[in-house]
Amino acid sequence: MRHCLWKYIIVVVSLIFLSFFLQENNEEHLTYNLSLQEEKKKILWQLRQDQMTSESRNHLENFKDMQKASPLLQQAKYKLLAGSPPQEKKLLTIGISSEQHPNGSYLLDTLRSLFQASSEHELNCIVVLVHLSDPDPEWLRRTVANISDLFKPHIEAQKLLVIHGRLGDSPLPGDRNNVSRTSRCEAHYSRQKVHYALLMNFAINLSEYFLMMEDYVYCTSKFISTIYWALSAWKELPWAILEFSSLSLSGKVFHTSDLSRLASLFLLFHKDIPIYLFLSEFCLLLAQNVPIRFSPSVFFHIGKYPVFEDTCFPVEKEKVFGEPDNPVASVLTDMMAEMNGIPQYAYTLNKECYSTLNPVRGNYLTVILEKPQKVIRIEVLTGFDKKGLYWLQQGQVELGYDPLENSRGCTRYTLLGPLVEGNLDQRVFYEEDSVEELSCIRLLVLASQESWLLIRQIKVWTQHEEEESYYSGNSGKVGFGNGINMANQK
């Protein structure tokens, strides 16, 4: 399914480019809308006959350069319901799209959780953007009144902005010839993507990054700091989506520079692909082959609505890992031990640790597994506390394959992720149909530091046979590594 969807999206990306050049006026735009479905059918038929060509690969490069918004979004109309945009660009926009629900709303609970979980200093880095997407004027009036009453200080401080958006009078692609919905879920998928497209389109110039949240989410304490430090660590590395929860939508962070692309594709495929599947394919278009997900999650669902959630979405329950089960391994390092320490201390699950003085760029500590393992989570802890004492200030963790003879490491490494505040705690995912297992875990020093380094613990969780079918991921597929194939192999 993944390969079919990927081909599907890659080719239609080229159609988007054509639309930007062809749609110089409304007449041309309407003509394009009427012919789009027929063009999609023709090209999809051709794709099923052949493998992806070099021309299709070129569309990936074109897609990366695409910035211009969809003509439909250029015609979008917005109404400010409460608050005003901040004067300066923020680090992060927290975007929430909300509509009426038959079983009541958790939007106010979500906002309350968000603000209560954050310090004033953290709130200075963000703007909360709420898109009330339901057109019912009575519901809009009542919801805005409740938000204005409960969160007046945040609105006045330009930390909370409430809007209502619509696309204008133009039909969505394909709607002229088929306005019916085949299922309740498809209707929800279509409506949801249009709502998020409008939300993202408005958010493009508000901040550097965009966090997607649903309107029934509980936030853990200091979640903004968690995201801030992760973004700082990943700033110079390529990524499309960073995930801070196991939820299908909430907790996903994007570059705002990617929002115009994503919003345009939402409208083009507004009823073809469920949004949670679509996001995984969007990652593929930007060369991120598997999820980058941090552990533990900082967002959780409140309650159990909408009632069709379990039917329409493959809801992933939060994985309970239990204690780490570090498999048998040897540890190799080129760093000089202090106080008669041995490298194995860093991997042994006890209070022992490994310390060294003045590590230099290129130093490493490698865990070499006795036999290849299906590793599902890795945690690396350095230093003593949150104040940075004896941290590895700049380092990253890499995954190794094809072990060398005599337990000297591996021939090939890919990036799992950089240390965040001296630590790393990430899920490990495997690409669909991959049979490759992990043989090495390498901690690499990226910059010299004139201080002690304490490698306190390396924890590893492996997947047992009875758990093989547990994870299907938000996209219904399984991926490998930190979610990134873009790291240099060494």
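Just so we're clear, the structure is a prediction, and the values are computed from it rather than from any experiment.

Chemist: Explanation requested: the overall build of the protein in the structure shown.
Modeler: Of the regular secondary structure elements, the protein holds 13 helices and 18 strands. Here the protein holds 490 residues, and the buried ones make up 57% of them. When the accessible surface of the protein is totalled, it reaches about 21,900 Å², and 51% of it is carbon and sulfur.

Chemist: Explain unusual backbone geometry to me, please; I cannot follow it from the model alone.
Modeler: Most of the time, phi is negative for any residue but glycine, and the peptide bond is trans. At the junction of serine 295 and proline 296, the peptide bond is cis and its omega measures out at -5° in the coordinates. Inspection of the secondary structure puts proline 296 in the loop between α12 (275-285) and β9 (299-301). Notably, glutamine 158 is not glycine yet its phi reads approximately 60°, a positive angle. In this fold, glutamine 158 is placed in the loop between α8 (152-156) and β4 (160-166).

Chemist: How should a nonpolar patch on the surface be read in this particular structure?
Modeler: Among the surface-exposed residues, Met339, Leu357 and Trp452 lie close enough to one another that they form a single nonpolar patch of about 310 Å² accessible area. Relative to the helices and strands, leucine 357 resides in strand β11 (residues 354-357).

Chemist: For this particular structure, what's the right way to read the sheet that holds strand β13 (residues 375-382)?
Modeler: Within a sheet, neighbouring strands are paired by backbone hydrogen bonds and run either parallel or antiparallel to one another. Strand order in the open sheet made by the four strands is β11-β18-β13-β16, with antiparallel pairing throughout. Each edge of the sheet is formed by a strand with only one pairing partner; in this case those strands are β11 and β16 (423-427). Neighbour to neighbour, the strand axes of the sheet diverge by 20° on average, direction disregarded. Bridging between β13 and strand β18 (residues 452-462) involves seven bridges; their strand directions are antiparallel. When the sheet's bridge partners are listed, valine 375 is paired in β18 with threonine 462.

Chemist: How do you make sense of the packing of helix α11 (residues 259-268) against α12 when you look at a structure like this?
Modeler: In a pair of packed helices, the angle between the axes and the distance between the axes together describe the arrangement. Taken N-terminus to C-terminus, the directions of α11 and α12 make an angle of 135°; their axes are 11 Å apart at the nearest point. Taken together, α11 and α12 sit at an angle that is classed as oblique. Our pair here, α11 against α12, has a crossing hand that is right-handed. Judged by residue contacts, Arg261, Leu262, Leu265 and Phe266 of α11 engage Ile275, Phe278, Leu279, Phe282 and Leu285 from α12. Looking at the contact of α11 with α12 residue by residue, the class counts come to eight nonpolar, no polar and one charged.

Chemist: Sorry, what's going on with the pairing of β16 here?
Modeler: Within β16, five of the five residues are buried, which leaves it mostly tucked inside the rest of the structure. Every second residue of β16 is oriented toward a common face, with Asn423, Asp425 and Arg427 on one face and Leu424 and Gln426 on the other, all of them buried. As defined by bridge partners, β13 adjoins β16 across five bridges and the pair is classed as antiparallel. Within β16, the residue paired with arginine 377 across the bridge is arginine 427.

Conventions we followed
- Residues numbered from 1 in each chain as written.
- Predicted model: local features only at pLDDT ≥ 70, side-chain atom pairs only at ≥ 80, totals over all residues.
- Heavy atoms only, no water.
- Helix = DSSP H or I, 4+ residues; strand = E, 2+ residues; numbered from the N terminus.
- Buried < 20%, exposed > 50% of the residue type's maximum accessible area, 1.4 Å probe, protein only.
- Areas by Shrake-Rupley, 256 points an atom, 1.4 Å probe, with all protein chains shown as cover.
- Patch = residues over 30% accessible without salt bridge, like charges linked within 9 Å, V, L, I, M, F, W, Y side chains within 5 Å.
- Salt bridge = Lys/Arg side-chain N within 4 Å of Asp/Glu carboxyl O.
- Pairing = 2+ DSSP bridges.
- Axes fitted to C-alpha atoms, helices over the stretch in contact; angles between N-to-C directions.
- Parallel < 35°, antiparallel > 145°, perpendicular 65-115°, else oblique.
- Left-handed = near helix turned anticlockwise from the far one by under 90°.
- Contact = heavy atoms within 4.5 Å.
- Nonpolar A, V, L, I, M, F, W, Y, C, P; charged D, E, K, R; others polar.

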